[in-house]
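Residues per chain, in single letters:
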Amino acid sequence: MVSARLLVLSLFSVSLVGSQPTESSQQVSSPPAHPAGEPSLSIDNLSFPWSRLRLPKYIIPLHYHLLLHPNLTSLSFTGSVQIQIDVQNNTNWVVLHSKGLQISKATILDQNLAHLSDQVLPVLHNPSHEQIGIFSPRVLSSGQKYFLYIEFGAELAEGFYGFYKSTYRTSTGETRTLASTHFEPTSARLAFPCFDEPSFKANFSVRIRRPPEYISLSNMPVIKTVEVSGGLLEDQFAPSVQMSTYLVAFVICDFKSVTGTTSSGVQVSIYAAPEKWQQTHYALEVAVKMLDFYEEFFNIRYPLPKQDLIAIPDFQSGAMENWGLTTYRETSLLYDPLTSSVSDKLWVTMVIGHELAHQWFGNLVTMEWWNDIWLNEGFARYMEYISVEATYPDLKVEEYLLHTCFAAVGHDSLNSSRPISSPAENPTQIKEMFDTVSYDKGACVLHMLRHFLTDEVFQRGIVRYLRKYSYKNAHNQDLWDSLANVRTQITLTVSKGTVFFCVNYESMYSALTSLWVSKTMMNTWTLQKGIPLVTVTRKGARLLLRQDRFLRTVLPSDPQWSTFFLWHIPLTYKTDSSSTIHRHLMTSPTDSIHIGEEASWVKVNSDMTGYYMVHYEDGGWDVMTKLLRENHTALSYKDRTHLIHNAFQLVTAGHLPLNKALDLIGYLLLETHTVPLLQGLGYLEAFYHLVEKRDESVLTHNLGAYILQFFRAVIDQQTWSDSGTVSERRLRTEVLSLACHLDDPPCVKRARQHFSDWLQSNGTLNLPTDVAETVYSVGAQDDHGWASLLHTYKISLSEAHKHKILYALTSSKDTSKLEGYVVFMLCCWKIKQKCCHLDLSTLILMVARNPKGHYLAWNFVKKNWDTLVQKFQLGSFCIRNIIIGTTNQFSSPEELTEVQSFFESIKEQASQLRATQIALDNVLKNVRWVQRNLETLRKWLSEQMQ
């Protein structure tokens, strides 16, 4: 790697900037030309003037005028950018971001558009920091505004970041090319030189040149199209509102669209490849509804005249919230009623809800720096549930929020977790911030906050936050201040008594009881990692409480258990002696509450509205087991699901014997609600998948037989159709998939019949979407079925359909098919072919879940590591998922050693990744689970099967 000398020149006197100017700038097509033959300034005596990763704050961008000309034949682009800058300290240098761009010209002009120098300005590069420095021989004066003009060019990127090429195949086999962008978090600098940090908000005026057969899209609507030389058209877009560089977007394609209008007049359009145009109508309905909902909920108008949503064939993340032009994976936006399941429909609805929530949380108000990305992603994830529940109540989205919090617990109970707000400086660290902690834990902490403050106070607080920081940047503390300043009434229990408040929260900062919405209170949830475990012990009329950090890989007896953690926990609980949900604020390591002698049971963390685990000591779990068997409806379905989750997580952590948790779910024979049923079934399925990948054939058989026997009635009740409620259809999909995987004869027979009918129709028969994946998986087990599915995969225009087929293809028990398919796709990839538009990372993960393929997938990753990192980038979603997904079923000390050895062999890269520590924690967790519980499981099953 080439590095520049780093020296901060003595002329720098850096001052922090606290506000953003809003003055607009003049627009010029290009600056006045330099006199011909003028020499360039020498760079021999110049050193790069800045040594830090983050840019200096004394030059503020105000307005970008960006011209781009992508060539979809040569797969390259040229461009120019004129940036109006506000200089706040005397300096000779402008330092900004650029990566992979060939800078052909740079000049600085005064406010009258006159050059500051008759010579070409030198541009120094610091590739390790992705920065360039432009030297002006004349001092740029503090308090003055200037124009920085740069011409540049580059190849369209091959990956998924920056300004990159994408392709799709038509039904006739023709490959067509488009160009699209993905800038979050630090990739705008790959498309044009810019101040690529979220606090440098500016206005953007974009112009794009294109052939007439294409269209171009950007954040704002086109205000004018003109003809330019070479038969090209130039689209000129309206100036944007103030926004961060990572939200800029542009797409050049030949897509078609459908359009609608919200009640406030915002034009909403959905774009997709021409042959997939018919799959856009549901997304249009959702987007219009969602924008109407958010405008009312936030009481803030959507500030742009249009909102485009576009399905990009090559897209790494699920979607991206670019202001006014949100981009999506095709599976996240397109819905085909003939091939998309109800789960696919829910996914599309939630993703659109997420990205449109960002138009307020993230776009209108943006975090100051990436350490607080959860202010964007945690809110958007939580708003998915609020918005979908309000606009599509039939989808029962509230049933999924528990699983979001369970996912957060799974990550947060590993020692490799991190605080919600964590330091992140370089691009790899920043990319890794887009994880379960920011999204899921962030959402669950907000859910806890909302339920403790009440819906009204929470909503009013976030509206206050959005209004106060519109077009600005915010920190953690700014959110807490906004919530604290809402006038309301709250009743809460603190330590020994109940106190009633009718106050302005501004006056409560000095009081202990205000800490819930104060910095001290919320810092326990955002500035320290982990999740609390509240241990509950019944002593007569009192409930004794103790809080510790909950870890699944470390016990209090282990030396690693050394750091003291303390949370301010908003406890809720209910008993059989009252229908009231009681509240108590626990702020100390131990505490107690009075519940009365008459209460025969107490359930803590009602409906899991709190983000904490609960352990019932001294026979407390026996009481819960008895309650569920005798009167399970005394608890809500959320409470029943929460008990199941807590019990099995406590088993993994070594706090509860496995047989106690298995006895707890014995009541499921009486259960009629989908969510607790699937929670209990899910743990048994997880155990099955763990042991089937070990040399434990007898145990694997016995566990499979027990699952089929125990859930026989539920399996037999399922129909092979798409009838019923959303919950019933979800249960059908999960139950029949597992039954056929366990080789249940009636299930396999029915699936084979459906597959035979599908084959006889030459693939024209539309199978019930709820069972299509199961039918295909059974059919893929023979050569003819596998080949037929592969052919259908290649020609299908529905990404949801292709995903189901891909799942089936990777379920084959023929390892030669699995290996050949993965190698073939990698070869296509390396020669830059689009082979059936496969997402290679998804293929690897699907092969890894197959007991016949998990070593194959792991070996593939080890062998092709450098290629994968080059394609997906270190720290990205895909690299993280590949690392964790190919190792999370390993459960032996030998496998742990192998994973450690591989990470040691890529130490330079692995040391930058939190994902490698998560993977190791997961394997260690599995190893300890097997050591503690395998014999117990074997003995328990033997007793049950007698």
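Per chain, residues are indexed from 1 in the order of the written sequence. Given that this is a predicted model, residues contribute local features only at a pLDDT of at least 70 and side-chain atom pairs are listed and counted only at 80 or more, while totals for whole chains, interfaces and linings are drawn from all residues. Side-chain metrics in this entry use all non-hydrogen atoms of the structure; hydrogen atoms and water are not considered.

- As annotated in an unreviewed UniProt entry, the chain is Aminopeptidase from Oreochromis niloticus.
- UniProt positions are given in the numbering used here, feature names are shortened, and annotations may be inferred rather than shown by experiment. Taken verbatim from the UniProt record of the chain, the Sequence similarities (unreviewed entry) comment is "Belongs to the peptidase M1 family."
- UniProt annotates the chain under Subcellular location (unreviewed entry) with the comment "Endomembrane system".

1. Remarks on the state of the cysteines
A covalent bond between the sulfur atoms of two cysteines is what we call a disulfide.
Then, in step 1: Throughout, disulfides are identified as pairs of cysteine sulfur atoms within 2.5 Å of each other. Evaluation of the coordinates by the stated rule reveals two disulfides.
Then, in step 2: Residue pairing for C405: its cysteine sulfur links by disulfide to C444, the two sulfurs lying 2.1 Å apart. The chirality of the disulfide connecting C405 with C444 is left-handed, given an S-S dihedral of about -110°. Here C405 is found in helix α4 (residues 398-412), whereas its partner C444 is found in helix α6 (residues 436-453), with 39 residues between them in sequence. There is no split in this pair, since C405 and C444 are both buried. Helical segments are the DSSP runs of H or I of at least four residues, strand segments are the runs of E of at least two, and each set is numbered from the N terminus. Each residue is placed in one exposure class: buried if its accessible area under a 1.4 Å probe, protein chains only, is under 20% of its type's maximum, exposed if it is over 50%, and partly exposed if it falls in between.

2. Notes on unusual backbone geometry
Then, in step 1: The linkage connecting E184 with the following residue, P185, adopts the cis geometry, with an omega of 5°.
Then, in step 2: Within the secondary structure layout, P185 lies in the loop between β9 (175-182) and β10 (203-210).

3. Some details on the environment of S723
Then, in step 1: Note on placement: S723 falls in the loop between α15 (712-717) and α16 (726-741).
Then, in step 2: A relative accessible area of 39% means that S723 is categorised as partly exposed.
Then, in step 3: For the pair S723 and P768, spaced 45 residues apart in sequence, the C-alpha to C-alpha distance is 9.2 Å.
Then, in step 4: Excluding its chain neighbours within four sequence positions, the residues that come into contact with S723 are R729 and R732.
Then, in step 5: In this structure the side chain of S723 is engaged in a polar contact, spanning 2.9 Å, whose partner is the side chain of S721. Two residues qualify as a contact provided that any one of their heavy atoms is within 4.5 Å of a heavy atom in the partner residue. In the analysis that follows, any N or O atom pair within 3.5 Å is treated as a polar contact, provided that within protein one partner can donate a hydrogen and the other can accept it, and provided that, for residues neighboring in sequence, both atoms belong to side chains.

4. Let's talk about the packing of helix α13 (residues 674-692) against helix α28 (residues 914-944)
Then, in step 1: Every axis corresponds to a line fitted to the C-alpha atoms, with the helix fit spanning only the stretch in contact, and the corresponding angles, defined between N-to-C directions, vary from 0 to 180 degrees. Taken N-terminus to C-terminus, the directions of α13 and α28 make an angle of 100°; their axes are 12 Å apart at the nearest point. Between α13 and α28, the crossing angle belongs to the class labelled roughly perpendicular. Contacts between α13 and α28 involve F687, L690 and V691 from the former and N926, W929, V930 and L934 from the latter.
Then, in step 2: Amino acids outside the nonpolar list (Ala, Val, Leu, Ile, Met, Phe, Trp, Tyr, Cys, Pro) and the charged list (Asp, Glu, Lys, Arg) are all regarded as polar, and Gly is one of them. Its residues assigned to classes, the contact of α13 with α28 comprises six nonpolar, one polar and no charged. Just so you know how the angles are binned, under 35 degrees is roughly parallel, over 145 roughly antiparallel, 65 to 115 roughly perpendicular, and the rest oblique.

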